[in-house]
Amino acid sequence: MHQALATVPPGTRVWVAAGFTDMRKGFNGLSAIAQLGLQADPYSGHVFVFRGKRGDLIKLLWWSGDGMNLYAKRLERGRFVWPQALAGAVHLSAAQLSMLLEGIDWRAPQRSFTPSLAV
């Protein structure tokens, strides 16, 4: 993950879009979801997190003050733990976001998958 987003600045909200998102969407499509679907300002400096239908890919959208940033992460095994709601958003703390990005169940911190040896 990009160093600038490695630590979420104080006061930054983390919005997790409930349900799944078409992962073909980029800056404009995800900004539109944040603005129209979540009723939030994509240029607020808050972090918006979206998950694909299979659950192994997430994208984070973040305005850094001088440009829009889009980060993606795919888990090689397991799935990202997601809210059960089908619409709206759930707010996470910076610690919960860190757990989410590591593949840990942020609701009850345990790894969803423990890697084995590569060979």
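J.: Looking at this structure, how should I read the overall build of the protein?
T.: In terms of helices and strands, the protein carries three helices and five strands. Taken over the C-alpha trace, the protein has a radius of gyration of 14 Å; the compact-globule value for 119 residues is 14 Å, and the two agree within 12%. Expressed along its principal axes, the backbone C-alpha trace of the protein runs to roughly 45 × 30 × 25 Å. Considering only contacts in the protein between residues 6 or more positions apart, those separated by 24 or more positions represent 55%. In the form shown here, the protein has an accessible surface area of approximately 7100 Å², with 53% of it arising from carbon and sulfur atoms. One way to put it: in the protein the 13 positive side-chain charges average out to a point 7 Å from where the 7 negative ones average out.

J.: So what exactly am I meant to see when it comes to the packing of aromatic side chains here?
T.: Each aromatic ring pair is described using two quantities: the centre-to-centre distance and the angle formed by the ring planes. Taken as a whole, this structure holds two aromatic pairs when the rule is applied. An angle of 80° between the planes, with centres 5.1 Å apart, marks the rings of tyrosine 43 and tryptophan 63 as edge-to-face. Linking tyrosine 43 in the loop between helix 2 (27-37) and strand 2 (47-51) with tryptophan 63 in strand 3 (residues 57-63), this pair joins segments that are 20 residues apart in sequence. Tyrosine 43 gets classed as partly exposed once you look at its relative accessible area, which sits at 48%. The partly exposed category is assigned to tryptophan 63, whose relative accessible area is 24%. Between the NZ or CZ atom of arginine 13 and the centre of the ring of tryptophan 15, over which it lies, the distance is 5.6 Å.

J.: Just checking my understanding: could you explain the sheet that holds strand 1 (residues 14-17) for this structure?
T.: For sheets, the rule is that strands pair by backbone hydrogen bonds, running either parallel or antiparallel. Taken in spatial order, the five strands make up an open sheet running 4-3-2-1-5, and their pairing is mixed. For this open sheet the edge positions go to strand 4 (68-74) and strand 5 (89-92), each flanked by a neighbour on one side alone. Across the sheet, the mean angle separating the axes of adjacent strands is 25° when strand polarity is ignored. Relative to strand 5, strand 1 runs antiparallel, the two being bridged by four bridges. Within the sheet, the bridge partner assigned to tryptophan 15 lies in strand 5 and is histidine 91. Most of the contacts of helix 2 go to strand 4, to which it runs at about 95°, and overall it touches strand 2, strand 3 and strand 4. Strands in contact with helix 3 (residues 94-101) are strand 1, strand 2, strand 3, strand 4 and strand 5; relative to strand 5, the strand with the most contacts, it is inclined by about 105°.

J.: Where do I start with the environment of glutamine 39 in this structure?
T.: Tracing the backbone shows glutamine 39 in the loop between helix 2 and strand 2. Glutamine 39 gets classed as exposed once you look at its relative accessible area, which sits at 66%. The spatial distance from the C-alpha of glutamine 39 to the C-alpha of tryptophan 62 is 16 Å, given a sequence separation of 23 residues.

Rules behind the numbers
Residues numbered from 1 in each chain as written. Predicted model: local features only at pLDDT ≥ 70, side-chain atom pairs only at ≥ 80, totals over all residues. Heavy atoms only, no water. Helix = DSSP H or I, 4+ residues; strand = E, 2+ residues; numbered from the N terminus. Rg over C-alpha atoms; globule rule 2.2 N^0.38 Å. Contact = heavy atoms within 4.5 Å. Areas by Shrake-Rupley, 256 points an atom, 1.4 Å probe, with all protein chains shown as cover. Lys, Arg positive; Asp, Glu negative; His and termini not counted. Charge placed at Lys NZ, Arg CZ, Asp CG, Glu CD. Phe/Tyr/Trp six-rings, centres within 6.5 Å; stacked < 30°, edge-to-face > 60°. Buried < 20%, exposed > 50% of the residue type's maximum accessible area, 1.4 Å probe, protein only. Lys NZ or Arg CZ within 6 Å of the ring centre and 35° of its normal. Pairing = 2+ DSSP bridges. Axes fitted to C-alpha atoms, helices over the stretch in contact; angles between N-to-C directions.

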